Amino acid sequence: MKYSIFLLLTLSFNLFGQQIDQSNLEKKQTQDLVVKLDLLINDWHVAAANASFEAYFNATSAEFIFLGTAPNERWNKEEFEGFCKPYFDKGKAWDFKPSNRQWQFAANHTVAYFDEDLATWMEGCRGSGICILENGQWKIAYYNLTVLIENEKIQSFIELRRSN
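If you're wondering where the values come from, they're calculated on a predicted model, not measured in any experiment.

Caption draft 1: Highlighting the packing of aromatic side chains. Under the definition given, this model contains 26 aromatic pairs. On the numbers, 6.2 Å between centres and 50 degrees between planes, the contact of F64 with F80 is tilted. Residue F64 is located in strand β1 (residues 60–67), and its partner F80 is located in helix α3 (residues 77–89); the two are separated by 16 residues in the primary sequence. Take F64 and F80: they sit in the same class, and that class is buried. Measuring from centroid to centroid gives 4.9 Å for W103 and F114, while their planes differ by 40 degrees, and the two rings are tilted. Placement of the pair is W103 in strand β3 (residues 97–105) and F114 in strand β4 (residues 111–120), with a sequence separation of 11 residues. The residues W103 and F114 share a single accessibility class, namely buried.

Here's what the structure looks like:
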């Protein structure tokens, strides 16, 4: 009887230890993935600031969608490249400084969702996006740039929009 209890406790501790090890491994893998994806998005922003057209668009998937701040700004990759090319060719695109980035992952860790605060020439903005694992490489598939407006200022903003 004592041997059975000892064996049962030993097996329980081993199983519990394996669960902790698996949990720690998953946390480490997620942390490593966040570092990798942060680098992707940071480099993407730097590519825009440096007007590096190839680096900027190489970071995006073939099905990339960009939503800008104006109501009509919804571009697929080809359309957005056309819009951006003149700015990049002049050597001056935009310089967004990200902070407070948050990540969420699909269960299989091949899709990552993020949002970030941005310091821009438009004042505070927010970007949100989706990254996908495509042929073993992470790519930005979707990005939505939003200008932030405080709730107490929204009525003035609505009136400004209606005045045009």
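Caption draft 2: Inspection of the sheet that holds β1 at higher detail. Ordered in space as β2-β1-β6-β5-β4-β3, the six strands form an open sheet in which the pairing is mixed. Every other strand in the sheet has two partners, leaving β2 (74–76) and β3 as the edge strands with one partner each. Along the sheet, successive strands turn relative to each other by an average axial angle of 15 degrees, direction set aside. Bridge count between β1 and β2: three bridges; the pairing is antiparallel.

Caption draft 3: Main features of the environment of R74. With respect to the helices, strands and loops of the structure, R74 is situated in strand β2. For R74 and N144, which are 70 residues apart along the polypeptide, the C-alpha to C-alpha distance reads 9.1 Å. Once you skip the residues sitting within four places of it in the chain, R74 turns out to touch I65, F66, L67 and E79.

Caption draft 4: Inspection of empty space enclosed by the protein at higher detail. One pass over the structure, following the stated rule, counts one cavity of 30 Å³ or more. If you trace the largest cavity, you find it lined by W44, H45, A48, Y56, F66, W94, F96 and Y143. Counting residues per element, the lining of the largest cavity draws most heavily on helix α1 (residues 2–49), at three residues.

Caption draft 5: Up close: the nonpolar core. By size, the foremost hydrophobic cluster in this structure holds 32 residues, and its most contacted members are Y56, F66, F80, F88, W94 and C131. For this core, the secondary-structure elements that each account for two or more residues are α1, α2 (53–58), β1, α3, β4, β5 (123–134) and β6 (137–147). Examining the composition of this core, we find that seven residues originate from one element, α1, more than from any other. Once residues within four sequence positions are removed from consideration, F80 is found in contact with Y56, F57, F64, F66, W75 and W94.

Caption draft 6: Local environment of the pairing of β6. Inspection of the sheet shows β1 paired to β6 by four bridges, in the parallel sense. Along β6, the bridge assignment pairs F66 with Y143. Here β5 hands over to β6 after two residues, with N135 in that stretch at a positive phi of 55 degrees.

Caption draft 7: Highlighting the pairing of β4. Burial of the side chains of β4 is restricted to one face: A112, F114, E116, L118 and T120 are buried, whereas none of V111, Y113, D115, D117 and A119 on the reverse face is. The sheet contact formed by β3 and β4 spans seven bridges and is antiparallel. Along β4, the bridge assignment pairs P98 with L118. Judged from the 10 bridges that link them, β4 and β5 form a sheet pairing that is antiparallel. Along β5, the bridge assignment pairs D115 with S128.

Rules of the game
Residues numbered from 1 in each chain as written. Predicted model: local features only at pLDDT ≥ 70, side-chain atom pairs only at ≥ 80, totals over all residues. Heavy atoms only, no water. Phe/Tyr/Trp six-rings, centres within 6.5 Å; stacked < 30°, edge-to-face > 60°. Helix = DSSP H or I, 4+ residues; strand = E, 2+ residues; numbered from the N terminus. Buried < 20%, exposed > 50% of the residue type's maximum accessible area, 1.4 Å probe, protein only. Pairing = 2+ DSSP bridges. Axes fitted to C-alpha atoms, helices over the stretch in contact; angles between N-to-C directions. Contact = heavy atoms within 4.5 Å. 1 Å grid on protein atoms, 1.4 Å probe; cavity = no way out; pocket = protein on both sides within 12 Å on 5 of 7 lines; lining within 4 Å. Points joined across faces, edges and corners; volume = space filled by probe spheres on them. Core = buried A, V, L, I, M, F, W, Y, C linked by side-chain atoms within 4.5 Å.

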